[in-house]
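Single-letter residue listing:
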Amino acid sequence: MTDPVHVDPLVTETADRLFSEICGHEAVQLAETRGEAPEIWNAFADTGFPWVSIDEAAGGSGGSLLDALEVLRVVGYHAAPIPAAETGILGGWLLASSGQELPAGIVTVVPNGGSELRGSVSGDELTVSGRALRVPWARVAERIVVPLEVDGQTVVASIDVEDCHVEPMTNMAGEPRDTVDFDEVHVPVAPTESGIDLEAFRFRGALSRAALMAGAIEKMSQLTVSYTNDRVQFGRPVAKFQAVQQHLVWGAQDAALARMVAETAAREANRGAAQFEIAAAKLIANQAAARATKACHQAHGAMGMTQEYPLHHLSRRLWSWRKEYGGDAEWTKWLGKVAVSQGADQLYPLITGGSANFN
Amino acid sequence: MSELSEEQIRAELDLILERRNADTRLTTMGAGSDDLNEGRSYLANTVNGGWHVPTWPEEHGGQDASASHNARIGRVLREFVVPDLYPFAIGLGMVGPALLTHGNSAQQREWLKPIASGESIWCQMFSEPEAGSDLANVALSAQQDGEEWIVGGQKTWTSRAMWADWAICLARTDPGQPKHKGLTMFALPMSLDGVEIRPLMQMNRDAHFSEVFVDGARVLDRWRIGDIGEGWRVAMTVLAHERAGGGSRGGGDGNARGLKLPSWIVDLQGLANEQSGAWRNQVANLYAHDATSRWTSQRAADEARSSGSPGPAGSGAKLRSVKSYKGRSYLTNMTSGAHGMLEDGHGYIETMTAPSMSIRGGTDEIQRNILGERVLGLPGEPRLDRDVPWSESRRGLI
Ligand SMILES: Cc1cc2nc3c(=O)[nH]c(=O)nc-3n(C[C@H](O)[C@H](O)[C@H](O)COP(=O)(O)OP(=O)(O)OC[C@H]3O[C@@H](n4cnc5c(N)ncnc54)[C@H](O)[C@@H]3O)c2cc1C
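As the structure is a computational prediction, the values presented were derived from the model and not from experiment. (Residues numbered from 1 in each chain as written. Chains lettered and ligands numbered in written order. Predicted model: local features only at pLDDT ≥ 70, side-chain atom pairs only at ≥ 80, totals over all residues. Heavy atoms only, no water.)

Engineer: Before we go on, may I ask you to explain the overall build of chain A in this structure?
Structural biologist: When its secondary structure is counted, chain A shows 11 helices and 9 strands. Taking 359 residues into account, the globule formula puts the C-alpha radius of gyration at 21 Å, and chain A, at 21 Å, falls close to it. Along the longest, intermediate and shortest principal axes, the C-alpha atoms of chain A span 75 × 55 × 40 Å. When the 359 residues of chain A are sorted by exposure, 59% land in the buried category. Once local pairs closer than 6 in sequence are excluded, the contacts in chain A between residues at least 24 apart make up 72%. Carbon together with sulfur atoms contributes 52% to the accessible area of chain A, which is approximately 14200 Å² in total. Taken as two groups, the 28 positive and 45 negative side-chain charges of chain A have centres that lie 11 Å from each other. (Helix = DSSP H or I, 4+ residues; strand = E, 2+ residues; numbered from the N terminus. Rg over C-alpha atoms; globule rule 2.2 N^0.38 Å. Buried < 20%, exposed > 50% of the residue type's maximum accessible area, 1.4 Å probe, protein only. Contact = heavy atoms within 4.5 Å. Areas by Shrake-Rupley, 256 points an atom, 1.4 Å probe, with all protein chains shown as cover. Lys, Arg positive; Asp, Glu negative; His and termini not counted. Charge placed at Lys NZ, Arg CZ, Asp CG, Glu CD.)

Engineer: How do you make sense of the packing of aromatic side chains when you look at a structure like this?
Structural biologist: Two numbers describe a pair of aromatic rings. These are the distance of the centres and the angle of the planes. Tallied over the full model, the rule gives 15 aromatic pairs over all chains. Seen in terms of ring centroids, B:Trp149 and B:Phe186 are 5.1 Å apart; in terms of plane orientation they differ by 65 degrees. Their pairing is edge-to-face. You can see B:Trp149 sitting in strand β3 (residues 148–159) and its partner B:Phe186 sitting in strand β5 (residues 183–189), a full 37 residues away along the chain. In this structure, B:Trp149 and B:Phe186 share a single accessibility class: buried. One aromatic cluster is present, formed by A:Phe19, A:Trp41, A:Phe44 and A:Phe49 through successive ring pairs. Cation over ring: B:Arg160 sits above B:Tyr86, and NZ or CZ is 3.9 Å from the ring centre. (Phe/Tyr/Trp six-rings, centres within 6.5 Å; stacked < 30°, edge-to-face > 60°. Lys NZ or Arg CZ within 6 Å of the ring centre and 35° of its normal.)

Engineer: Just to check I follow, could you spell out the site of the ligand for this structure?
Structural biologist: In the vicinity of the ligand lie 30 residues, with A:Arg231, A:Gln298, B:Ser133, B:Trp157 and B:Thr363 positioned nearest. With respect to the ligand, its neighbouring residues span chains A and B. Between an oxygen atom of the ligand and a main-chain N or O atom of A:Gln298, the distance comes to 2.6 Å. A distance of 2.8 Å separates an oxygen atom of the ligand from a polar atom in the side chain of B:Glu365. Considered on its own, the ligand offers 970 Å² of accessible surface; in the complex 95% of this is hidden by protein. For the shell around the ligand, the elements supplying multiple residues, two or more each, are α7 (242–271) and α8 (275–300) of chain A together with β3 and α11 (364–375) of chain B. Its residues assigned to classes, the shell around the ligand comprises 12 nonpolar, 14 polar and 4 charged. (Near = heavy atom within 4 Å. Polar contact = N/O pair within 3.5 Å; in protein donor to acceptor, adjacent residues only side chain to side chain. Nonpolar A, V, L, I, M, F, W, Y, C, P; charged D, E, K, R; others polar.)

Engineer: What should I look at first to understand the interface of chain A and chain B in this one?
Structural biologist: Listed by partner, the interface residues are 39 residues for chain A and 45 residues for chain B. With both chains or domains summed, chain A and chain B bury close to 3500 Å², and 60% of this area falls on carbon and sulfur atoms. When residues of chain A are sorted by the area they lose upon contact with chain B, A:Phe234, A:Met305 and A:Lys323 head the list and together hold 21% of the total. Inspection of the region where chain A meets chain B yields 3 salt bridges. In this structure, the salt-bridge partner of A:Glu308 is B:Arg198, at a minimum N-O distance of 3.4 Å. The tally of links from chain A across to chain B stands at 19 residue pairs in polar contact (both at pLDDT 80 or more). (Buried area = accessible area lost by both parts, 1.4 Å probe. Salt bridge = Lys/Arg side-chain N within 4 Å of Asp/Glu carboxyl O.)

Engineer: Just to check I follow, could you spell out helix α4 (residues 89–102) of chain B for this structure?
Structural biologist: Note: α-helices contain 3.6 residues per turn, so residues at a spacing of three or four share the same orientation. All names here are of chain B. Taking 1.5 Å of rise per residue, the 14 residues of α4 would be expected to cover 20 Å, and the 19 Å separating its terminal C-alpha atoms lies within 8% of that figure. At Val95, α4 is bent by approximately 40 degrees, the largest bend along its length, and proline Pro97 sits one to four residues beyond. Buried residues dominate α4, accounting for 12 of its 14 residues. Among all positions of α4, only Ala89, Ile90, Gly91, Leu92, Gly93, Met94, Val95, Gly96, Pro97, Ala98, Leu99 and His102 are buried. Buried positions along α4 lie against α2 (37–47), α5 (105–116), β1 (122–125), β4 (166–172), β8 (224–225) and α6 (231–244). (Expected span 1.5 Å × (residues − 1). Bend = angle between axes of the 7 residues up to and from the residue.)

As structure tokens, then:
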């Protein structure tokens, strides 16, 4: 186990080196055409990265949640077209916390919101029916993990993808977000450990997206600085125009902001209660993504609109992630409700102390 | 034709066009279908009455309409089905008006009517890899050889090139002159030997945008538009029309008669499962922006028609219409929630197209530079290369 409050620098270095080698512009573009990226996934899986933060005893790779989120940040930075969060800190976590086996291959998870699923328990059998929407990479997954609330308890269904019907659909980034139909699929009942329920899953989903987004915004900002320093118009690099510099500053500010909130939320989540930090991190990442994509596209001119240039791999992912596990309205409302429920005198302690300070 | 009332115009249009109902929706510029037929048959239907380009001379497919009559026709046209005219927009909105200013009468006779009738499609070959905002830096060269010009070089981001019969093409004819001076404008048939088109894919998967490589193509001198060395002036006219939005008549998303709400608000209402105060505020802001923007553009267009050519006001119009488009697509996509990130989601294409609106036709920054200098009279940008021969200034940073 690494020190839980610090990311093991080897994690960042190894993940970054891996993706730098195998996840360049062409590879990401190709994954979009094919709807999968087996080479990238296999190399990633070989390192054990997908299962970081899951106990070795449960079949994981060990390490802290902080390490796992750092891996996700690097995944986002390289726009890696793989279900890293789904297999690890979301699906893998749900499986491990319901005492189920981790499969060797890709795992995906039905995200919160939108889906209409029914579960019923009879004896030690759980039956799942209905339609799940926007399931990441379902078409290439080995198992689909479905968290459900049945008769007041949270259960986790681990469903063989062969037992359901997958209808391909893609998000703005050209990544699979499939529609999955379950028609009376039977699996063993597997209740979760206490404290792990749909609400906890929703927050963990938001945390995963905040980490991915922080990475993507950072890369986008770096690309923009380097492009505008190379691009010459009117006899000088366009980065010399103040109007362009303003875009560069927005991009850099938002990269720093998104990374800071994602890391704060990760640290708190690693420690314990972190709802306030996660909600704030996702909302801030959403807003930073909107501003930064706008600024970075504008500074690139027409070049950024072409598929030949990599900016769109990042911007389109950011627009999609912004909508997953809670859009702006959802988290704004949640934060507003919490602030109001704590009362005026508790507002400042809430902001400075975060989740540890509210009841 | 004498000036008709709205009632009379409506009666005439009823003979040739279908009325639009509230459900007719627009496609997104350039990200629509590849179907040229709908636009073509609409233009063929309207050309004899001069209904689509009323201000053009009657012999060229217009009806010599005054600015006010033109505006009246525009209002009535909104009640009818007007297909997406994106493929035809360069000819109708930019090249046509520029030919009326800079073309000779033979050129007007040859090119205007086929533009108005939808028979010929034009594209705009201005931008090059090294000439985006700095358009005067074009390098594509044209060298005179008797009655012909030999043309070579590369253009890029040429929308509609694969459909086009003709291009309006800015070329360098005298590299020894400072960059704005040695340019000349040509019409270039896309079918000419030595013209090769390579499609570029945009991130919204639109492939209507290309690189065009020209190698030894022979362009006739009678296809030259304006005098030798006057290319920059012609280009400015074309761009002023582009910015003023001349190409976008038709399919306007305004209020059809009897319809209180614009269709985008009707759509939004259908999407919103909760119409909070914050949401209403955004809708109303956008509606107000659109309305004032439409009136301002109308006033600028009227001024432009009476003065003969659009001025810098077009830059303001462009900035406003971009803001409308972006605001609308943003709100639609946000309102549609997580579903909006899917290929079949509301506002999906618009979200991925929105950034390009602030780039195509001159970036927002360039429009503001124009407004700053030409409307507000602020000090100009430093222009280090103004009096340097282009052949020297292009060699490096100065
Ligand atoms: C969808 C689309 C369709 C297009 N269709 C056509 C077409 O049909 N025909 C055609 O000829 N061209 C077309 N273009 C090209 C378009 O005209 C250029 O993209 C535009 O002029 C900007 O040039 P650029 O992309 O090279 O950006 P650049 O000039 O490289 O600009 C990069 C950034 O620098 C900023 N900048 C540059 N100079 C200044 C300055 N002086 N002050 C402040 N900021 C500055 C810009 O605003 C921008 O933010 C199209 C572009 C797009 C996106």
